[in-house]
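Descriptive analysis of the structure
If you want the building blocks of each chain, they are given just below.
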Amino acid sequence: MKIVCIGAGPAGLYFAISAKLRDAGHDISVIERDPPGATYGWGVGYGDELLDTLFRNDRESARRIRSASVLWEEQVIALHGADRAYLGGYGYSLNRASLLEILAKRARSLGVNIEYRRAVEDISEFPDADLVVVADGANSRIRQNYAKEFGTEVSQGSNPYIWLGTDRVFDKFTYDFEETRAGWIWFHAYPSSNEISTFVVDCQEDTWRGLGLDQLGDEETVHLLERIFARSLDGGSLISRSRGRPASWQRFTQVYNQTWLHDNVVLIGDAAHTTHFTIGSGTMLAMLDAIVLAQKLFERGDDSAVALKEFDVEGHAAIGHMQAAARTSMAWFENVDRYLDRNVHEFCYTMSTRHSVQHPWQFQYHLMNQNLVVRKALRLLATGSRWYRARRRGEPRR
Ligand SMILES: Cc1cc2nc3c(=O)[nH]c(=O)nc-3n(C[C@H](O)[C@H](O)[C@H](O)COP(=O)(O)OP(=O)(O)OC[C@H]3O[C@@H](n4cnc5c(N)ncnc54)[C@H](O)[C@@H]3O)c2cc1C
């Protein structure tokens, strides 16, 4: 099969790998508008579920992803950088640039052709392709060309956010909410390597304008945010420029498509659906799309039309609850000032249960978990569970 993937993000590259692994006879090209190594953003967070799946799908790239990743343990929620409450859990993260390098290298080793510095304008550029996989992200050019056929609905979140890095290494997944003269502003941060952490700042529109952030240049923005979050940064600096341009303020793009199919063209990853970054699942879903599509094509052999239809129907059914949770989460943060008059334990609890039913006993359990001894015991349990899962999926000992 001659397959063209548009976009060398996690979705496009991981689809190319997954399809080649299942059928080495496929002729697959991935076309990317940017040069190699140029990308936006900092770290990508993920959990054990994704790692289990990646190890099952392609041990080679999974091992590299794991060894390039760092671990964070526990979440801390701070008000004014000082009052703190804790949530359990752990996760992994790695630099987005490292993830893409690993995937591109693996794809090439399997015989995938990757063409950089070519921005695709339309699918008519590939008249002889049997299948065009559109993986060009949330603002997909190709999806926009066929918005009617896909039944595309796009909307934007109201909070401005900016995706920065910092040389202050956070070992916990950290939220800090600061009150300024113009209103509340907050960040979430987590390590993306041993030297750098991801640092995403978010606030309501009025606060953003009130602080003058809509008018400031890159350097002034960074300096102002460093002053606001000085306590949490503890002497560390914010970094605006990753490998490409300096970061800029964005609004989250919510994407929904009634169908991901149009003739021999299929949408995957953010081009098909987005989930707000506060649930940290977009890359995971992009990679799962890639695996499921490759598997469907493999199972259906010559009947790719059936494979694509199954991918579309089953994919929509599977992702519905994630998109609902992401919408709830985004709305919660857009109205967060409603909850910021509470003490830090109540606030943290409200945040942790923002997309689930709350039972009365859960709050007592949450309070109990603030105790240092209980937290240490929970961390020990989490370490045991992590160790067991790592052995089960065959991860080498580290
Ligand atoms: C602030 C923030 C934090 C996030 N944190 C996390 C996280 O912790 N964990 C997580 O799982 N997800 C996270 N995400 C989501 C994640 O970034 C995306 O879901 C993921 O990158 C989607 O992968 P993709 O391959 O579909 O699209 P992308 O990664 O956007 O890749 C699309 C690629 O297509 C290329 N392209 C675009 N147009 C064209 C064209 N016309 N021709 C050729 N190439 C083109 C682009 O250059 C890009 O390389 C976060 C998102 C944001 C905004």
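An account of the accompanying structure is given in this report. (Residues numbered from 1 in each chain as written. Predicted model: local features only at pLDDT ≥ 70, side-chain atom pairs only at ≥ 80, totals over all residues.)

**Brief notes about helix 3 (residues 59-67)**
For clarity, the cut-off: Field definition: a residue is buried when 20 or more other C-beta atoms are found within 10 Å of its C-beta, exposed when 12 or fewer are, and partly exposed for counts in between, with C-beta atoms placed from the backbone. Helix and strand assignments come from DSSP, with helices taken as H or I runs of at least 4 residues and strands as E runs of at least 2, each series counted from the N terminus. The arc in question is the one spanned by the directions pointing from the helix axis to the C-beta atoms. Any pair of residues counts as being in contact when their C-beta atoms, constructed from backbone geometry, are within 7 Å of one another.
Turning to helix 3, its buried residues are Ser61, Ala62 and Ile65. Projection of helix 3 onto a plane perpendicular to its axis shows the buried side chains occupying an angular sector of 105 degrees, all on one side. Lining the buried residues of helix 3 we find helix 1 (10-22), helix 2 (48-57), strand 5 (83-95) and helix 4 (96-109).

**Quick look at the environment of glutamate 205**
Mapped onto the elements of the fold, glutamate 205 is located in helix 7 (residues 205-210). Beyond its immediate chain neighbours, meaning those up to four positions away, glutamate 205 contacts Ser158 and Pro160.

**Some words on the pairing of strand 9 (residues 173-180)**
This is how it is decided: Between any two strands, at least two bridges found by DSSP are needed for them to pair.
Pairing geometry for strand 4 (residues 70-79) and strand 9, over five bridges, is parallel. For valine 76, the partnering residue across the bridge sits in strand 9 and is threonine 174. Here strand 9 pairs with strand 10 (residues 183-191) via seven bridges, running antiparallel. Paired with glutamate 179 across the bridge in strand 10 is tryptophan 184. Joining the antiparallel neighbours strand 9 and strand 10 is a turn of two residues.

**Points about the packing of helix 1 against helix 4**
Inclusion rule: Axis lines are fitted to C-alpha atoms, over the contacting stretch for helices. Their N-to-C directions set the angle, which ranges from 0 to 180 degrees. Roughly parallel covers angles under 35 degrees, roughly antiparallel covers those over 145, roughly perpendicular covers 65 to 115, and oblique covers all other angles. Each crossing gets its handedness from the near helix: less than a right angle anticlockwise from the far helix is left-handed, clockwise is right-handed. Under this grouping Gly is polar, as are all residues other than the nonpolar Ala, Val, Leu, Ile, Met, Phe, Trp, Tyr, Cys and Pro and the charged Asp, Glu, Lys and Arg.
In the contact formed by helix 1 and helix 4, the axes pass within 9 Å of each other and the chain directions differ by 30 degrees. In terms of orientation, helix 1 lies roughly parallel with respect to helix 4. Considering the relative orientation of helix 1 and helix 4, their crossing is left-handed. Facing helix 1, whose interface residues are Pro10, Leu13, Tyr14, Ala16 and Ile17, helix 4 presents Leu99, Leu100, Leu103, Ala104, Arg106 and Ala107. For the contact of helix 1 with helix 4, a count of residues per class yields 10 nonpolar, no polar and one charged.

**A short note on the pairing of strand 11 (residues 197-203)**
The buried fraction of strand 11 amounts to seven of the seven residues, a majority that puts the element mostly inside the structure. Pairing geometry for strand 8 (residues 152-166) and strand 11, over six bridges, is antiparallel. What sits directly across from tyrosine 161, in strand 11, is aspartate 202. Note: strand 10 against strand 11, seven bridges, orientation antiparallel. Note on strand 11: the bridge partner recorded for isoleucine 185 is cysteine 203. Taken together, strand 10 and the strand that follows it, strand 11, pair antiparallel across an intervening segment of five residues.

**Section: helix 10 (residues 282-300)**
Our working rule: Expected helix span is computed as 1.5 Å times (number of residues minus one).
Under the 1.5 Å per step criterion, the end-to-end length of helix 10 is 27 Å for 19 residues, consistent within 8% with the ideal 27 Å. Positioned one or two residues after helix 10, glycine 301 has a phi angle of 55 degrees, which is positive.

**Quick word on the site of the ligand**
Our working definition: Proximity of a residue to a molecule or strand is defined by its backbone-placed C-beta atom lying within 6 Å of that partner.
Taken together, 33 residues form the shell around the ligand, and within it Gly7, Gly9, Gly137, Gly269 and Gly282 come nearest. Looking at the shell around the ligand, the elements that each hand over two or more residues are helix 1, strand 3 (43-46) and helix 10. Here the shell around the ligand takes four residues from helix 10, the largest share from any one element.

**As for the sheet that holds strand 14 (residues 261-262)**
Judged by pairing direction, the sheet is mixed, and its six strands sit side by side in the order 6-2-1-7-15-14 without closing on themselves. With one partner strand each, in any of the chains shown, strand 6 (113-115) and strand 14 form the two edges of the open sheet. Where strand 1 (residues 2-6) and strand 7 (residues 131-134) come together, four bridges link them in parallel fashion. When the sheet's bridge partners are listed, valine 4 is paired in strand 7 with valine 132.

**Re the nonpolar core**
Note the threshold: Here, a nonpolar core means buried Ala, Val, Leu, Ile, Met, Phe, Trp, Tyr and Cys residues linked by C-beta atoms lying within 7 Å of one another.
By size, the foremost hydrophobic cluster in this structure holds 63 residues, and its most contacted members are Phe15 and Ile268. In terms of residue count, the dominant contributor to this core is helix 10 (10 residues). Setting aside residues no more than four positions away along its own chain, phenylalanine 15 makes contact with Cys5, Val133, Ala135, Ile268, Ala290, Leu293 and Ala294. In terms of nonpolar packing, the next biggest core, distinct from the first, is built from 44 residues, Cys203, Leu211, Leu233 and Ala247 among them.

**So, the packing of helix 10 against helix 11 (residues 304-334)**
The contact between helix 10 and helix 11 brings their axes to 9 Å, and the two run at 150 degrees. Comparing their axes, helix 11 and helix 10 come out roughly antiparallel. In the packing of helix 10 onto helix 11, the handedness of the crossing is right-handed. Across the interface between the two elements, Leu285, Asp289, Val292, Leu293, Lys296, Leu297, Glu299 and Arg300 of helix 10 pack against Ser304, Val306, Ala307, Glu310, Phe311, Gly315, Ile319 and Met322 of helix 11. Its residues assigned to classes, the contact of helix 10 with helix 11 shows nine nonpolar, two polar and five charged.

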